[in-house]
Amino acid sequence: MSITSLDGNRFAEMILSGANHLSANAEIVDALNVFPVPDGDTGTNMKLSITSGSKEAQANKQDHIGKVGASFAKGLLMGARGNSGVILSQLFRGFSKDIEHKSTITGVEFAHALKAGMETAYKAVMKPVEGTILTVAKDAANKAVHAAGKTDDLIEIMERTLEEAKKSLERTQDLLPVLKEVGVVDSGGQGLVFVYEGFLSSLTGKELPGPGPAVPSMEELVNAQHHQSVHGFMDTEDIEFGYCTEFMVRLEDGKRPYDEDEFRSDLSQFGDSLLVISDDDVAKVHIHSERPGEVLSYGQQYGPLIHMKIENMREQHSALTKENPAGQAPVKEKQEYAIITVSMGEGIKKLLKSIGASAVIEGGQTMNPSTEDIVEAVKSVNAKNIIILPNNKNIIMAAEQAAEIAEENVVVVTSKTLPQGMAAILAFNPTASLENNQHGMTEAMEDVKTGQVTYAVRDTTIDGVKISKDDYMGIADGKIVTSGPQLLDTAKNLLNEMIDEDSEILSILYGEDADKSELDQLVEFVHQNFQDVEVEVHDGGQPVYTYIFSVE
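Please read these numbers as outputs of a predicted model, since none were measured by experiment.

Cut-offs used in this document
- Residues numbered from 1 in each chain as written.
- Predicted model: local features only at pLDDT ≥ 70, side-chain atom pairs only at ≥ 80, totals over all residues.
- Heavy atoms only, no water.
- Helix = DSSP H or I, 4+ residues; strand = E, 2+ residues; numbered from the N terminus.
- Buried < 20%, exposed > 50% of the residue type's maximum accessible area, 1.4 Å probe, protein only.
- Contact = heavy atoms within 4.5 Å.
- Areas by Shrake-Rupley, 256 points an atom, 1.4 Å probe, with all protein chains shown as cover.
- Expected span 1.5 Å × (residues − 1).
- Arc of directions from axis to C-beta.
- Salt bridge = Lys/Arg side-chain N within 4 Å of Asp/Glu carboxyl O.
- Polar contact = N/O pair within 3.5 Å; in protein donor to acceptor, adjacent residues only side chain to side chain.
- Axes fitted to C-alpha atoms, helices over the stretch in contact; angles between N-to-C directions.
- Parallel < 35°, antiparallel > 145°, perpendicular 65-115°, else oblique.
- Left-handed = near helix turned anticlockwise from the far one by under 90°.
- Pairing = 2+ DSSP bridges.
- Phe/Tyr/Trp six-rings, centres within 6.5 Å; stacked < 30°, edge-to-face > 60°.
- Nonpolar A, V, L, I, M, F, W, Y, C, P; charged D, E, K, R; others polar.

Engineer: Quick rundown of the overall build of the protein? Include the residues and the values.
Structural biologist: Looking only at helices and strands, the protein features 21 helices and 18 strands. The burial tally for the protein puts 54% of its 552 residues in the buried class. Within the protein, contacts between residues at least 6 apart in sequence are counted, and of these 71% link residues at least 24 apart. A total of about 24,800 Å² of accessible surface is found on the protein, and carbon and sulfur atoms cover 47% of it.

Structure representation (structure tokens):
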């Protein structure tokens, strides 16, 4: 049997076979998800990514392979998750771009499209790392081109491509020391091999295991267990950029003109593991950063953000090393009390821990932690009695649900703002009962006022306050009391509303976009107009809110 021409319908069948085979083996790939740090499940991410692409390809199935390829690439772009999922989408973005104007392709054209895809994927990664899915894709594509110089039979070319992909996968151990140390292969590369196995199966008609959990061999199970233990070879403190940040920008006219090279270069200053992929309508970003809020703010210059996801990789890594320690650590005795709270911003996290918080879950107005996130935090603090401070009304229900699920003694003090949470922590009494602490901390929250300054995303009128898009808003205890085009004026007006003759202390937490000179002017304003009020200033580093005020 020989195939020398590939049309859209046959290519769509290859895509479906590759997606199904990867899906069937996603759990095996998940178990190999360990490098460079845990920011998602590689197998699951690749499965969801290619499934999204496959659905688009099947929905637009036709003879013209260029149009099927374009649909596949678009679906992959929209569904891409995690490093390996994004790279997979880039491989087939380049592939599809190379064939977009062709109704059918030959074996030679197929091979060159694989190489074009590989080159596109390498360009999408700021600092490509060899020994990963990129290397497997490169070696396989080069072999495909070499094979196409001798034959135009697609089956034979795909056989040589898959054969080299498997060899390259084994060589990843020699390129990444941590893989060789535990005797395993790269997870993303393994996922790509499963896709190529599906492609070949579709061409030859030989069946592969269908969708659903595949039964791994003993060797695969052993390798997976070895790979899982790699977490123990890295200390959480070694993670330089702690937040896996993914988002999409819907590119719009009237916003900053989009240039992919400039966009990628600008983003590179915020961290590492940067991936940027885009088409005419959407740009998708994956980056490991210490300042995710700044990354999102930069992206907004080009258009509205969609499908945002931020994960704390230090928390993930800590949880995984506890589940799979490299060596068995002695069991620690449970402490009597622990306080878990929720907030955004590295400065705020440090402040909360300095006044008594045991754990700070990354989250807030734009990123509410799940019940599972809170339950995991409860487990991690290793305490008999635990108090949860949600610091946001939208997180209270998840916190209460986590308290019901948890095996430990857990109560929720229903703080709706960060200043309320801080006041509650300061009222905590380690010698009191859990019930009395819950009552006392709740009472303490009643003595604090909360102010927030942020910007408006649309025109509206609320409680008699007219608000224009992009104007600043001053919010006092959940109510918008002032709005205007100038940040400093809005902040001053808000403080005038909040501070009265009974006020003694003003705490200012400034965000990641705050201007130092304006901050100094604001502090001077307070000194001049409210001479009896003591002012404390903290670098909160929070996104969204330029200022958070606490008045007591």
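Engineer: Account for helix α21 (residues 516-529), with residues named and values stated.
Structural biologist: Here α21 contains 14 residues, and its C-alpha end-to-end distance of 20 Å stays within 8% of the 20 Å for a straight helix at 1.5 Å per residue. Among the residues of α21, Leu-519, Leu-522, Val-523, Phe-525 and Val-526 are the ones counted as buried. Relative to the axis of α21, the buried residues are bounded by an arc of 150° and lie together on one face. In this structure, the buried side of α21 is in contact with α20 (487-498), β16 (505-510), β17 (534-539) and β18 (547-551).

Engineer: An account of the pattern of salt bridges is requested, with residue identities and associated values reported.
Structural biologist: Applying the stated rule across the entire model yields 22 salt bridges. Note that Glu-336 is salt-bridged to Lys-384, the shortest N-O span being 3.7 Å. Residue Glu-336 is located in strand β7 (residues 335-343), and its partner Lys-384 is located in strand β9 (residues 383-389); the two are separated by 48 residues in the primary sequence. For Glu-336, a relative accessible area of 43% corresponds to the partly exposed category. Look at Lys-384 and you get partly exposed, because its relative accessible area is 41%. The salt bridge partner of Asp-520 is Lys-516, with a shortest N-O separation of 3.6 Å. Separated by four residues within a single helix, Asp-520 and Lys-516 lie in helix α21, roughly one turn from each other. A single network of salt bridges, built from pairs that share partners, joins Arg-93, Glu-260, Asp-261 and Arg-264.

Engineer: Break down the environment of Asp-513 for me, citing the residues and quoting the values.
Structural biologist: Note that Asp-513 resides in the loop between β16 and α21. Sequence separation between Asp-513 and Val-544 is 31 residues; the distance between their C-alpha atoms is 8.5 Å. Among the polar contacts made by the side chain of Asp-513, one reaches the side chain of Thr-546 at a distance of 3.4 Å.

Engineer: Outline the packing of helix α1 (residues 8-24) against helix α3 (residues 42-59), listing residues and values.
Structural biologist: Between two packed helices, the angle of one axis relative to the other and the distance separating the axes together describe the packing. Two elements in contact, α1 and α3, have axes separated by 9 Å at closest approach and are oriented at 155°. Classified by the angle between their axes, α1 and α3 sit roughly antiparallel to one another. In the packing of α1 onto α3, the handedness of the crossing is left-handed. Taking contact as the criterion, the partners of Ala-12, Ile-15, Leu-16, Gly-18, Ala-19, Leu-22 and Ser-23 in α1 are, on α3, Met-46, Lys-47, Ile-50, Thr-51, Ser-54, Ala-57 and Gln-58.

Engineer: An account of the pairing of strand β15 (residues 479-484) is needed here, citing residue identities and associated values.
Structural biologist: Inspection of the sheet shows strand β14 (residues 472-476) paired to β15 by five bridges, in the antiparallel sense. Within β15, the position partnered with Met-473 by the bridge is Ser-483. With antiparallel pairing between neighbouring strands as the criterion, β14 and β15 make up a hairpin whose turn holds two residues, including Asp-477 at a positive phi of roughly 50°.

Engineer: Tell me about the packing of aromatic side chains, and name the residues and values.
Structural biologist: Under the defined criterion, the tally for this structure stands at 16 aromatic pairs. Measuring from ring centre to ring centre gives 6.2 Å for Phe-525 and Phe-530, while their planes differ by 80°; the resulting arrangement is edge-to-face. Taken as a pair, Phe-525 and Phe-530 share a single burial class, namely buried. Here a set of aromatic residues connected by ring pairs shows up, and it is made of Phe-11, Phe-72, Phe-92, Phe-95, Phe-110, Tyr-196 and Phe-199.

Engineer: Go over the packing of α3 against helix α10 (residues 187-204), please, and point to the residues and values.
Structural biologist: At their nearest, the axes of α3 and α10 sit 9 Å apart, and the two run at 40° to each other. Classified by the angle between their axes, α3 and α10 sit oblique to one another. At the point where α3 passes α10, the crossing takes the right-handed sense. On the side of α3, the interface is formed by Thr-42, Met-46 and Ile-50, while α10 contributes Ser-187, Gly-188, Gly-191, Leu-192 and Val-195. Tallied by class, the residues present in the contact of α3 with α10 amount to four nonpolar, four polar and no charged.

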